[in-house]
Amino acid sequence: MSVRQTPAIGAPEGKLGVLTPGLGAVATTFIAGVEAIKKNLTPPIGSLTQMGRIRLGKRTESRNPLIHDLVPLAPLDNLVFGGWDIYEDSAYDSAKNAGVIASDLLEKVRPELDAVKPMSAVFEKRYVTRIDGPNKKAPASKMEHAEALIEDIANFKKDNDLARCVMVWCGSTEIFQTPSDVHSSLEKFEEGLRKSDPEIAPSQIYAYAALKSGVPFANGAPNLTVDTNAMLQLAGREGVPICGKDYKTGQTFMKTLLAPGLKSRLLGMSGWFSTNILGNRDGEVLDEPANFRTKEESKLSALDVIFQPDQYPDLYGKYDHKVRIEYYPPRGDNKEGWDNIDIFGWMGYPMQIKVNFLCRDSILAAPLVLDLALFLDLAQRAGMSGIQEWLSFYFKSPMAAQSVYPEHDIFIQLMKLKNTLRWMKGEDLITHLGLEYYD
Ligand SMILES: NC(=O)c1ccc[n+]([C@@H]2O[C@H](COP(=O)([O-])OP(=O)(O)OC[C@H]3O[C@@H](n4cnc5c(N)ncnc54)[C@H](O)[C@@H]3O)[C@@H](O)[C@H]2O)c1
């Protein structure tokens, strides 16, 4: 499809299944939140698809509809939730265990959460060493596991009378991996599945099953997952949209707010030190150095792209960037992050910025899961396939075409997202030139 041609968008008729590999803190906070919104217990705070507006045309036209009134998104009442986990806990028990949601609110959505029981997982302890659980598929080849997941998706669709599905990875962060030969083409990947190649991680098997089933896939963790030639080929062949990776929520969200601002004023930077304490299961998994490495790579990537040290050597040519996560159980999901930023200004005079963000990890991530599910479904109905760069807004390590660097600046990402929605509806793109008001 030509990128210039406004697409015909199919109506969001029927029910949409939202499948999450991983039914932990993020997934259950997302499901509980949607159920609470449906019961009018809370507004959908943090969700662009639900609360965001979009300016159309000139500022003088005063057209500023809600995004969900511009583009046809699946209504929340039509969402049906399902997932896989290595633990047998229902979404209710898992949410209770995660401790993110206060019990009075949780009880109000208990029947809906109790009904979400995890399907048995495809799991390999080598990839997530710190946890293990009983709810796993029986040992088999990786291709047989992929086929079992494809069957799970088909059964879920049939049993719930669904029109469409999307899959959003909410599972643990896997150990650090770079693409290897088995990821270089779809043919090699499928051969690797048949031979149970050790380089194929569980998240890649879920992604393969999703794409083979025509189900769009978003990667909420920093794992390699769909960021390989094999998966790009499969997404292209099946005409399925994909995006990733790693939800941009706490510290990196702050980074991509602050860094573009400092750069816009050409303030130099000599160092950025970030540390966190986190006590949830995610923190426990990330306590393992091989898993933390995956997260670290993801967290480190944003600043270089925003500051462009090669183009601004005097300002950003040599800065220290360090990121630490400490597993500290007393804090649970309530992460605390500290940033110390050493900057310099006119005539090189040094200054410091300190950021102390007391956030709630899953509270920040849940609306992103909702938006990704709805936007991926929209993209699918608009006939868009492969990498959805317009959804970079949501990710720490956004996927992008090989020919371009990924955009990390959150304001550019938001403009890209909104212009994509305008393009979808044949509206003028907004350049912010604005000279016409002074003619
Ligand atoms: N919360 C945030 O702000 C945030 C931001 C960016 C990324 N993430 C990522 O999102 C993911 C989920 O975070 P969380 O806080 O919900 O973690 P969590 O540990 O509470 O939940 C992850 C769940 O995935 C399950 N799991 C692991 N491997 C699996 C497999 N192969 N199949 C099925 N289930 C599997 C685990 O048993 C666990 O219940 C993590 O990878 C995390 O790094 C979270």
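Residues numbered from 1 in each chain as written. Predicted model: local features only at pLDDT ≥ 70, side-chain atom pairs only at ≥ 80, totals over all residues. Heavy atoms only, no water.

Enquirer: So, the site of the ligand: which residues are in play, and what are the values?
Expert: Taken together, 31 residues surround the ligand, and among them Val26, Asp85, Val122, Gly171 and Arg281 come closest. Between an oxygen atom of the ligand and a main-chain N or O atom of Ser172, the distance comes to 3.4 Å. Here an oxygen atom of the ligand and a side-chain polar atom of Thr173 are 2.9 Å apart. Look at the ligand: alone it shows 830 Å² of surface, and the protein chains cover 98% of it. Elements supplying a minimum of two residues to the shell around the ligand: α1 (25-38), β2 (79-85), α9 (202-212), α12 (281-286) and α15 (361-381). Per-element accounting of the shell around the ligand gives the leading share, three residues, to α15. (Near = heavy atom within 4 Å. Polar contact = N/O pair within 3.5 Å; in protein donor to acceptor, adjacent residues only side chain to side chain. Areas by Shrake-Rupley, 256 points an atom, 1.4 Å probe, with all protein chains shown as cover. Helix = DSSP H or I, 4+ residues; strand = E, 2+ residues; numbered from the N terminus.)

Enquirer: I'd like to hear about the environment of Trp272, residue by residue, with values.
Expert: When you line up the elements, Trp272 lands in strand β7 (residues 268-278). Here Trp272 falls in the buried class, since its relative accessible area comes to 2%. Taking C-alpha positions, Trp272 is 7.5 Å from Tyr319, a pair spaced 47 residues apart along the chain. Sequence-distant contacts of Trp272, that is, excluding residues within four places in its chain, are made with Lys255, Leu258, Ala259, Leu262, Leu303, Phe307, Asp320, His321, Lys322, Asp339, Asn340 and Ile341. (Buried < 20%, exposed > 50% of the residue type's maximum accessible area, 1.4 Å probe, protein only. Contact = heavy atoms within 4.5 Å.)

Enquirer: Tell me about the environment of Glu187, and please be specific about residues and values.
Expert: For Glu187, the position within the fold is in helix α8 (residues 186-194). A C-alpha to C-alpha distance of 9.5 Å links Glu187 and Gln233, two positions 46 residues apart in sequence.

Enquirer: Let's hear about unusual backbone geometry: which residues, and what values?
Expert: Cis geometry is found at the peptide bond from Gly244 to Lys245, where omega equals -10°. In this structure, Ser62 is a non-glycine residue whose phi angle is positive, near 50°. Of note, the phi angle at Ser196 is positive, near 50°, even though the residue is not glycine. Residue Ser196 is classed as partly exposed on the basis of its relative accessible area of 30%.

Enquirer: So what's going on with the nonpolar core? Which residues, and what values?
Expert: Counting 61 residues, the largest nonpolar core has Leu79, Phe375, Trp390, Tyr394 and Leu421 as its most contacted members. Elements supplying a minimum of two residues to this core: β1 (15-21), α1, α3 (67-70), β2, α4 (91-98), β4 (162-169), α15 and α16 (410-424). For this core, the element with the most residues is α15, which contributes 12 residues. Setting aside residues up to four positions removed in sequence, Leu421 forms contacts with Ile54, Ile67, Leu70, Val71, Phe375, Leu378 and Trp390. By size, the runner-up hydrophobic cluster in this structure holds 42 residues, among which are Trp84, Met143, Ala221 and Leu234. (Core = buried A, V, L, I, M, F, W, Y, C linked by side-chain atoms within 4.5 Å.)

Enquirer: Outline the packing of aromatic side chains, listing residues and values.
Expert: Overall, the coordinates contain nine aromatic pairs when judged by the stated rule. Seen in terms of ring centroids, Phe307 and Tyr319 are 5.9 Å apart; in terms of plane orientation they differ by 70°. Their pairing is edge-to-face. Taken together, the residues span a long stretch of sequence, with Phe307 in helix α13 (residues 289-307) and Tyr319 in the loop between α14 (313-316) and β8 (320-327) at a distance of 12 residues. In terms of burial, Phe307 and Tyr319 fall into one category: buried. Seen in terms of ring centroids, Phe393 and Tyr394 are 5.0 Å apart; in terms of plane orientation they differ by 75°. Their pairing is edge-to-face. (Phe/Tyr/Trp six-rings, centres within 6.5 Å; stacked < 30°, edge-to-face > 60°.)

Enquirer: Explain the sheet that holds β4 residue by residue, including any values.
Expert: Pairing is parallel in the open sheet, where seven strands are placed in the order β3-β2-β1-β4-β5-β6-β11. The open sheet has two edge strands with one neighbour each: β3 (119-120) and β11 (386-387). By the bridge criterion, five bridges tie β1 to β4 in an arrangement that is parallel. Opposite Val18, over in β4, you have Val166 as the bridge partner. Packing against the sheet, α15 makes contact with β1, β2, β4, β5 (217-219) and β6 (241-244), and its axis sits at approximately 130° to β4. (Pairing = 2+ DSSP bridges. Axes fitted to C-alpha atoms, helices over the stretch in contact; angles between N-to-C directions.)

Enquirer: Pulling in residues and values, what's your account of the packing of helix α7 (residues 142-159) against α9?
Expert: For the pair α7 and α9, interaxial distance at closest approach is 9 Å and the crossing angle is 50°. Classified by the angle between their axes, α7 and α9 sit oblique to one another. Viewed along their axes, α7 and α9 form a crossing whose handedness is right-handed. Within the contact between the two elements, α7 uses Lys142, Met143, His145, Ala146, Leu149, Ile150 and Ile153 and α9 uses Ile205, Tyr206, Tyr208, Ala209, Ala210 and Lys212. (Parallel < 35°, antiparallel > 145°, perpendicular 65-115°, else oblique. Left-handed = near helix turned anticlockwise from the far one by under 90°.)

Enquirer: Explain the sheet that holds strand β9 (residues 336-344) to me, using residue names and the numbers behind them.
Expert: Spatial strand order, β8-β7-β9-β10: four strands in an open sheet with mixed pairing. In the strand order of this sheet, the two ends are held by β8 and β10 (350-358), each with one partner. Taken over all neighbouring pairs, the strand axes of this sheet differ in orientation by 10° on average, direction set aside. Examined bridge by bridge, β7 and β8 share eight bridges and lie parallel to one another. Within β8, the position partnered with Trp272 by the bridge is His321.

Enquirer: Let's hear about the pattern of salt bridges: which residues, and what values?
Expert: Within this structure, the stated rule accounts for 23 salt bridges. Measuring nitrogen to oxygen at the nearest pair gives 3.2 Å for the salt bridge that ties Asp287 to Arg130. On the criterion of sequence distance, the pair formed by Asp287 in the loop between α12 and α13 and Arg130 in the loop between β3 and α7 is long-range, its members being 157 residues apart. Look at Arg130 and you get partly exposed, because its relative accessible area is 35%. (Salt bridge = Lys/Arg side-chain N within 4 Å of Asp/Glu carboxyl O.)

Enquirer: Just give me the short version of the pairing of β1, but keep the residues and values in it.
Expert: Where a strand is regular, its side chains alternate between the two sheet faces. Summarising burial for β1: six of the seven residues are buried, a large majority. Relative to β2, β1 is paired through six bridges, and the arrangement is parallel. Within the sheet, the bridge partner assigned to Gly17 lies in β2 and is Val80.

Nothing here speaks to function; it is all geometry.
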